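If you want the building blocks of each chain, they are given just below.
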Amino acid sequence: MIEELIKKTNEKEFYNDCDLKIESYSFQTSNSTFEMVLSINQNSYDIPVEYEEWKLTCRNTEKFDGFFWSLTLPYAKMKILDRHPLLLIFHENKLECEIKGKPENVSEFIGDVSNGLERETGNWIVVKEYFWNNQEYYEKYSKRTISIPKSLEKFFREICVKHSLYFAVTNEIVEEDKGYEDKPNSKILIFGNEDVSPNDFNLNQPFIIAEEFSAERIK
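Conventions we followed
- Position labels on residues start from 1 in each chain and follow its written sequence.
- With the structure being a predicted model, the display of local features is reserved for residues of pLDDT at least 70 and the display and counting of side-chain atom pairs for 80 or more, all residues being used for whole-chain, interface and lining totals.
- Values reported for side chains reflect all heavy atoms of the structure, with hydrogen atoms and water molecules removed beforehand.
- Labels follow the DSSP assignment, with helices taken as runs of H or I lasting at least four residues and strands as runs of E lasting at least two, numbered in each case from the N terminus.
- Whether a residue is buried, partly exposed or exposed follows from its accessible area with a 1.4 Å probe, protein chains only, as a fraction of its type maximum: under 20%, in between, or over 50%, in that order.
- The contact criterion used throughout is that any non-hydrogen atoms of two residues lie within 4.5 Å.
- We get accessible surface area from the Shrake-Rupley algorithm with a probe of 1.4 Å; when it comes to residues, only the shown protein chains can shield them.
- For this count, His and the chain ends are skipped, Lys and Arg are scored as positive, and Asp and Glu as negative.
- In this description, the location of a charge corresponds to atom NZ of lysine, CZ of arginine, CG of aspartate or CD of glutamate.
- As used here, the arc belongs to the directions running from the helix axis to the C-beta atoms.
- When DSSP locates at least two bridges between a pair of strands, those strands are taken to pair.
- Every angle, taken between N-to-C directions, lies between 0 and 180 degrees, and every axis is a line fitted to C-alpha atoms, over only the stretch in contact when it is a helix.
- Here, two cysteine sulfur atoms that lie within 2.5 Å of each other are counted as a disulfide.

### Thoughts on the overall build of the chain
- Helix and strand content of the chain: 6 helices and 11 strands.
- Along the three orthogonal principal directions, the C-alpha set of the chain runs to about 65 × 35 × 25 Å.
- For the chain, the residues scored as buried account for 44% of the 219 residues in total.
- Put simply, of all contacts in the chain between residues at least 6 apart along the chain, 73% involve residues at least 24 apart.
- With the model as given, the accessible surface of the chain reaches about 12,200 Å², and the carbon-plus-sulfur share is 45%.
- Separation of charge centres in the chain, based on 27 positive and 40 negative side chains, amounts to 3 Å.

Dropping the structure here:
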């Protein structure tokens, strides 16, 4: 029935006439199950809307974020995606890369990495996951190792060449050797609104990454 809920939230009439609210959610660490109760409420004074409650269940959950407020607007349009920047670490091989040297201009280097990650991943993956914007750090440490999804190798290599840094892939980690990151069946359920921002560009849309999603109407 999750298809019914997703279809409902993407209808123009729903967006105009209804509020989608988060009533509660919980995460069970023992079995990685995320559960959420959502309600559909009256928003329009002109068109009557039947009150509904839905229970969303996400199994083999890896990550969830952005559920800070009860009202989801403007991100009320739910969608399940099997391709998304946040899924790269679960779908792709992981590369361990060695970088040597110190950028002549640390701020410019960090800026290039940040701008490139925005271009490559829609700002869903950010620079702080790989580098510190700290001059003293680069003065003290001229060698570092980062782990990246395989599809980002070309981007990082080009940035390092531009800033006269040595870059080499020292190890490629595949399939079960990735441990908990080996989740090729993972998908993302995003609470988005592509009239505001594409789902592959980060404007703080709430999301859940899991392998299985289901929903049932409970009221």
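### Description of helix H1 (residues 2-9)
- Buried within H1 are the following residues: Ile 2, Leu 5, Ile 6 and Thr 9. End-on, the buried residues of H1 take up no more than an arc of 95 degrees, which puts them together on one face. Exposed and oriented more than 90 degrees from the buried face of H1 are Glu 3 and Lys 7.

### Considerations on the sheet that holds strand S4 (residues 63-65)
- As summarised here, the arrangement of the 4 strands in space is S4-S10-S9-S5, forming an open sheet in which the pairing is antiparallel. For this open sheet the edge positions go to S4 and strand S5 (77-81), each flanked by a neighbour on one side alone. Across the sheet, the axes of successive neighbouring strands diverge by a mean angle of 10 degrees, strand direction being ignored.
- Summarising the sheet, S5 and strand S9 (residues 187-192) pair through 5 bridges and their orientation is antiparallel. Bridge pairing links Leu 81 to Ile 188 in S9.

### Considerations on the state of the cysteines
- Counting across every chain of the model gives 0 disulfides.
- Summary of cysteine pairing: Cys 97 is not part of a disulfide, and the nearest cysteine sulfur, belonging to Cys 160, is at 8.6 Å.
- Taking relative accessible area as the criterion, Cys 97 reaches 0% and is therefore assigned buried.

### Things to note about helix H6 (residues 153-162)
- Within the sequence span of H6, burial applies to Phe 155, Phe 156, Ile 159 and Cys 160. Looking straight down H6, one finds that the buried residues subtend no more than 130 degrees of arc, so they occupy a single side. Turned more than 90 degrees from where H6 packs its buried face, Lys 154, Val 161 and Lys 162 sit exposed.
- In this fold, the buried residues of H6 make contact with strand S6 (94-100), helix H4 (106-121), strand S7 (143-149) and strand S8 (166-173).
- A positive backbone phi angle near 55 degrees is found at Ser 164, which sits one or two residues after H6.

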